Amino acid sequence: MDMTSRPFGATRGGQAVTCFTLRNRSGMSVELLDWGCVVRSIVVPDRDGIPTDVVLGYDDLSGYESGSCFFGAFVGRYANRIKGAAFELNGRTYRLEKNDGENHLHGVYCTSLFAAEAAGNTVTFRRRSPEGEEGYPGTLEVEVCYTLTEENELRIHYTAKAEGDTVVNLTNHSYFNLAGQGRGNIMDHRLYLTCDRFTAGDAQTLPTGRVLPVQDTPMDFRTPRLLREGLCSADPQLVLCQGYDHNLIFPEGQEGRGFAVCPRSGIRMDLRTSQPSVQLYTGNYVDGDKAPCGKGGIRYPRYGGFCLETQHYPCRPNFPQFPSTVLRSGETYQSYTVYRFSTEK
């Protein structure tokens, strides 16, 4: 296992940013930024042994600062949306920054600089999130740990310790194209997820509060299916969002599992997580990114990548019937997600 680091420019505010690279003996490498804890690249061998970068991103920091797609970013304090940018906790209403129309989306972590510690095959990023930041109650000590194994696993472990009651939902927002970033769309990818329910959404991709079975809908990936099938369907849920942008729920009490495979490269990505659900997003608006281009000067097309954002339910603070995301003062939040890469013939 090998770890190196290099400068990756400076923010508009003059903060120096570092890129860390982890490499294993199997030919896999991962690049990580201390700005937004971004997963900048994941390079794995395809079925012919050709190194292939399977995540979307940018060549330099200016792309990450100007882009609007959260490529590779660590998001929080609350991943996904909070409707109306407000919620109640302990009988008090907290008003958050409106950064997605009238709603609150993802939070400030994706544009924050983290303290980094690199050791062996692991890079750990830490940040103290003060009470009142973006309107959230409670101070939060946040830690996200990335580990590369010799089994071609990228393991992500999240920890958050609360000083004061708050809400927490953390995830990574990497976009995957297993043909290789910039190599067309992901229509031909085959996806499997053990999820048996989903939270129905509206035209703003906000939950309606209804939890529905995936049976007989394009949300059912319990038998592997091509993403094309859903993306080309007339299902009202997919028409509303111009593709997948839905929270799919794993069977209660079970580790979340799934995989995706690209027939062009043969690259397979397996997923394991302790999170109760996953946001499947198919890059429906990637072609409208505010940054001029992605890595290698490429302008990514619609459906140029897909996200599997392991998470708690979106908008949970607005829907008390959803599983709680409250973290009480003195408690510690922990979760993990593992992406494992291999090839198929």
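One numbering rule holds for all chains: residues counted from 1, following each sequence as written. Note on the predicted model: pLDDT of at least 70 is required for a residue's local features to be given, and 80 or more for side-chain atom pairs to be given and counted; whole-chain, interface and lining totals, by contrast, use all residues. Side-chain figures throughout are based on the complete set of non-hydrogen atoms in the structure, without hydrogens or water.

Student: For the sheet that holds strand β3 (residues 29-33), give the residues involved together with the corresponding values.
Tutor: Two strands are said to pair when DSSP picks up at least two bridges between them. A run of DSSP states H or I qualifies as a helix once it reaches four residues; a run of E qualifies as a strand once it reaches two. Both are numbered from the N-terminal end. Read from one edge of the open sheet, five strands run β1-β2-β3-β4-β5, paired in antiparallel fashion. One side of each edge strand has no neighbouring strand; the edge strands of this open sheet are β1 (2-10) and β5 (51-53). Pairwise comparison of adjacent strand axes, ignoring direction, gives a mean angle of 20 degrees for this sheet. By the bridge criterion, three bridges tie strand β4 (residues 39-45) to β5 in an arrangement that is antiparallel. Bridge pairing links P45 to P51 in β5. Only the stretch in contact is used when a helix axis is fitted, and all axes are lines through C-alpha atoms; the angle between N-to-C directions ranges over 0 to 180 degrees.

Student: Please give an account of the layout of surface pockets that cites residues and values.
Tutor: One number sums up the size of the largest pocket: a volume of about 750 Å³. The definitions used throughout rest on a 1 Å grid laid over the protein atoms alone, on which a cavity is an enclosed set of points accommodating a 1.4 Å probe that cannot get out and a pocket is an open set flanked by protein within 12 Å on both sides along at least five of seven lines; lining residues are those having an atom within 4 Å of a point. Around the largest pocket, the lining is made up of 35 residues, and of these S68, C69, F70, L105 and H106 lie nearest the centre. Broken down by secondary-structure element, the contributors of at least two residues to the lining of the largest pocket are α1 (61-66) and β24 (277-281). The element contributing the most residues to the lining of the largest pocket is α1, with four residues. Each residue gets one label: Ala, Val, Leu, Ile, Met, Phe, Trp, Tyr, Cys and Pro are nonpolar, Asp, Glu, Lys and Arg are charged, and the others, such as Gly, are polar. Partitioning the lining of the largest pocket into residue classes produces 14 nonpolar, 13 polar and eight charged. Grid points are joined across faces, edges and corners, and a volume is the space filled by probe spheres set on the points.

Student: Give a detailed account of the environment of A79, specifying residues and quantitative values.
Tutor: Structurally, A79 can be placed in the loop between β6 (74-75) and β7 (81-82). Exposure remark for A79: the relative accessible area of 0% places this residue in the buried category. Remark: exposure states derive from per-residue accessible area (1.4 Å probe, protein chains only) relative to the maximum for the residue type, with buried under 20%, exposed over 50%, and partly exposed in between.

Student: Tell me about the pairing of strand β25 (residues 307-311), and name the residues and values.
Tutor: Judged by how many residues are buried, β25 sits mostly within the fold: five of five residues are covered. The two faces of β25 match: C307, E309 and Q311 on one face and L308 and T310 on the other face are all buried. The pairing of β24 with β25 spans five bridges and is classified as antiparallel. Of the residues in β25, the one forming a bridge with Q279 is E309.

Student: I'd like to hear about empty space enclosed by the protein, residue by residue, with values.
Tutor: Over the atoms rolls a probe the size of a water molecule, and in doing so it shows where empty space is left. Enumeration according to the criterion identifies two cavities of 30 Å³ or more in this entry. Sorting the residues of the lining of the largest cavity by element identifies β18 (197-201) and β21 (245-249) as the ones contributing at least two each. Looking at the lining of the largest cavity residue by residue, the class counts come to three nonpolar, seven polar and one charged. Approximately 50 Å³ is the volume attributed to the second largest cavity. Every residue lining the second largest cavity is listed: F71, V286, D289, A291, C293, G294, I298, R299 and Y300. Tallied by class, residues from the lining of the second largest cavity come to six nonpolar, one polar and two charged.

Student: How would you explain the side chain of N284 if you had to name every residue and give the values?
Tutor: Positionally, N284 belongs in the loop between β24 and β25. Residues adjacent in sequence count toward polar contacts only when both atoms are side-chain atoms; beyond that, a polar contact is any pair of N or O atoms within 3.5 Å, and within protein one must be able to donate a hydrogen and the other to accept it. Within polar-contact distance, the side chain of N284 engages the backbone oxygen of Y244 at 3.2 Å. We call two residues contacting when some pair of their heavy atoms lies within 4.5 Å. When near neighbours in sequence (up to four residues on either side) are disregarded, N284 contacts C241, Q242, G243, Y244, D245, R302 and Y303.

These values are about where atoms sit, not about what they do.
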